[in-house]
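# Understanding the architecture of this molecule
Letter by letter, the chains look like this.
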Amino acid sequence: MGRVNQTLVTEFIFMSFTNARELQIVLFLLFSLLYSIIFLGNISIIAQVQVDSCLHKPMYFFLCTLSFFEFCYTCSVVPKMLVNLLVTNPTISIVGCSLQMFFFISLGSADCFLLAVMSYDRYVAICNPLRYSTIMTMQLCFKFVAASLAVSSLLCMTLVILIFRLPFCGDNHIQHFFCEIPVVLKLACLDTSVHEVAVFIVGVLVLIIPFLLISISYTRIISSVLGIRSTEGRRKAFSTCTSHLTVVLLQYGVVSFTYMRPKSLHFPEQDRLVSLVYVFGTPLLNPLIYTLRNKEMKAALRKVLSHKWSSSVM
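Residues numbered from 1 in each chain as written. Predicted model: local features only at pLDDT ≥ 70, side-chain atom pairs only at ≥ 80, totals over all residues. Heavy atoms only, no water.

## Let's talk about the state of the cysteines
In the structure shown here, the tally under the stated rule is two disulfides. Each sulfur in the disulfide pair cysteine 97 and cysteine 179 lies 2.1 Å from the other. On the sign convention where negative is left-handed, the bridge of cysteine 97 and cysteine 179, at about -130° about the S-S bond, is left-handed. Here cysteine 179 lies in the loop between β3 (173-174) and α7 (181-185) and cysteine 97 lies in helix α4 (residues 94-127), a separation of 82 residues in the sequence. With a relative accessible area of 2%, cysteine 179 lands in the buried category. Here cysteine 169 is linked by a disulfide to cysteine 189, with a sulfur-sulfur distance of 1.8 Å. On the criterion of sequence distance, the pair formed by cysteine 169 in the loop between α6 (138-164) and β3 and cysteine 189 in the loop between α7 and α8 (193-226) is long-range, its members being 20 residues apart. No difference in accessibility class separates cysteine 169 from cysteine 189, as the two residues are buried. Among the cysteines of the chain that take part in disulfides, numbered as they appear in the sequence, the pairing is 1-3, 2-4. As a non-bridged cysteine, cysteine 75 has cysteine 72 as the owner of its nearest cysteine sulfur, 6.0 Å distant. You can call cysteine 75 partly exposed: its relative accessible area is 28%. (Disulfide = S-S within 2.5 Å. Helix = DSSP H or I, 4+ residues; strand = E, 2+ residues; numbered from the N terminus. Buried < 20%, exposed > 50% of the residue type's maximum accessible area, 1.4 Å probe, protein only.)

## Side note on helix α3 (residues 78-86)
Since there are 3.6 residues in each turn of an α-helix, residues three or four apart along the chain are aligned in direction. If you check which residues of α3 are buried, you get Val78, Met81, Leu82, Asn84 and Leu85. The arc enclosing the buried residues of α3, seen along the axis, measures out at 160°, which places them on a common side. (Arc of directions from axis to C-beta.)

## Description of empty space enclosed by the protein
In total, this model carries four cavities of 30 Å³ or more according to the counting rule given. Per-element accounting of the lining of the second largest cavity gives the leading share, three residues, to α3. When its residues are assigned to classes, the lining of the second largest cavity shows seven nonpolar, four polar and no charged. (1 Å grid on protein atoms, 1.4 Å probe; cavity = no way out; pocket = protein on both sides within 12 Å on 5 of 7 lines; lining within 4 Å. Points joined across faces, edges and corners; volume = space filled by probe spheres on them. Nonpolar A, V, L, I, M, F, W, Y, C, P; charged D, E, K, R; others polar.)

## Some words on the confidence of the model for the chain
For the chain, the mean per-residue pLDDT works out to 84, and 87% of the residues sit at or above 70. Element-level pLDDT for the chain is lowest in helix α11 (residues 295-313), with a mean of 61, against a maximum mean of 95 in α6. (pLDDT = per-residue confidence, 0-100.)

## Re the packing of aromatic side chains
Applying the stated criterion across every chain, the model contains 18 aromatic pairs. Here phenylalanine 102 and phenylalanine 103 contribute two aromatic rings whose centre-to-centre distance is 5.2 Å and whose plane-to-plane angle is 65°, an arrangement assigned as edge-to-face. Judged by its relative accessible area of 15%, phenylalanine 102 is buried. (Phe/Tyr/Trp six-rings, centres within 6.5 Å; stacked < 30°, edge-to-face > 60°.)

## Comments concerning the pairing of strand β1 (residues 11-14)
Note: β1 against strand β2 (residues 91-93), three bridges, orientation antiparallel. Residue pairing in the sheet places phenylalanine 12 in a bridge with isoleucine 92 of β2. Direction of pairing for β1 relative to β3: parallel, over a ladder of two bridges. Note that in β3 the partner of isoleucine 13 across the bridge is histidine 173. (Pairing = 2+ DSSP bridges.)

## A short note on the side chain of histidine 176
Residue position: histidine 176 is located in the loop between β3 and α7. At 3.0 Å, the side chain of histidine 176 forms a polar contact with the side chain of serine 275. (Polar contact = N/O pair within 3.5 Å; in protein donor to acceptor, adjacent residues only side chain to side chain.)

## A word on the pattern of salt bridges
Within this structure, the stated rule accounts for one salt bridge. Among the salt bridges present, the one from aspartate 121 reaches arginine 122, with a minimum N-O distance of 3.0 Å. As far as burial versus exposure is concerned, aspartate 121 and arginine 122 are alike and both buried. (Salt bridge = Lys/Arg side-chain N within 4 Å of Asp/Glu carboxyl O.)

## What to know about the packing of helix α2 (residues 58-75) against α6
At a minimum axis separation of 10 Å, α2 and α6 run at an interaxial angle of 25°. The angle between the axes of α2 and α6 places the two elements in the roughly parallel class. The two elements α2 and α6 meet at a crossing, and its hand is right-handed. Between α2 and α6, the contacting residues are Pro58, Phe61, Phe62, Thr65 and Phe69 on the first element and Met138, Cys141, Phe142, Phe144, Val145 and Leu149 on the second. Of the residues belonging to the contact of α2 with α6, the class tally is 10 nonpolar, one polar and no charged. (Axes fitted to C-alpha atoms, helices over the stretch in contact; angles between N-to-C directions. Parallel < 35°, antiparallel > 145°, perpendicular 65-115°, else oblique. Left-handed = near helix turned anticlockwise from the far one by under 90°. Contact = heavy atoms within 4.5 Å.)

## Some remarks on the sheet that holds β2
Remark on secondary structure: sheet strands pair via backbone hydrogen bonds, oriented parallel or antiparallel. Strand order in the open sheet formed by three strands is β2-β1-β3, with mixed pairing between adjacent strands. The sheet is open, and its two edges are formed by β2 and β3, each paired on a single side.

Below, the structure written as structure tokens:
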């Protein structure tokens, strides 16, 4: 109870990556470059799909949506982080912290649901190819995306409201570069056991359940592909899934490591490094994975580049 009687804080102070001003400038330039590449990479995927009629398929509609979600969740963190690298007193209000947390985790959660939807799309395409166009209609695709965003927003809004009903007092230094759930919970004045259970439950709903659905889809896909007699046919069927499966392993591996660990296993420096991976790494790598490992995307990219080259020559 002693902690509750302390003065309640109205803002948080982010801890700097380093006290060396020159190194902060270097980090600012590095993160700005990565942010620009993420923007260009994800926007290029959206543009390619919109321009090339050959990519007007459910699979690429979901890929566009995934790129949009990933860029948006990066936007919820990186601009503020870049500003903080340039100021001497990097602060954020309680309301600002709650909004940042909500947008980051809700868009990240929507990513996880969308990856499960994409695995179902691959399951229908490989296991029921003759019925694919009648099952995966654009109307159903829009419903899947809307449901992913609605469910993730509802779960994360409930969690954020629960967290920010806690009183925060005493130390208001966030040992991180954004309002990450485990770090913010450490600053609460009261016992957070119930809130940690709530985080774990949301983690199960957002991570474990979609991952189980993905596993079921791929189990059936593998079973179906192994029944194909032609080696070329098996290779072609598996090649349509490799990009998605690579992204799934990357996304779920990093996020599960962050949110499914108990509080006692969270360490500030380690958490910041892991967070850098999923704030910058996954949005940066996903466009490369889908572009380099997908023949249709590579063909569309070559078409766009050749068109621009011929236009510039003329």
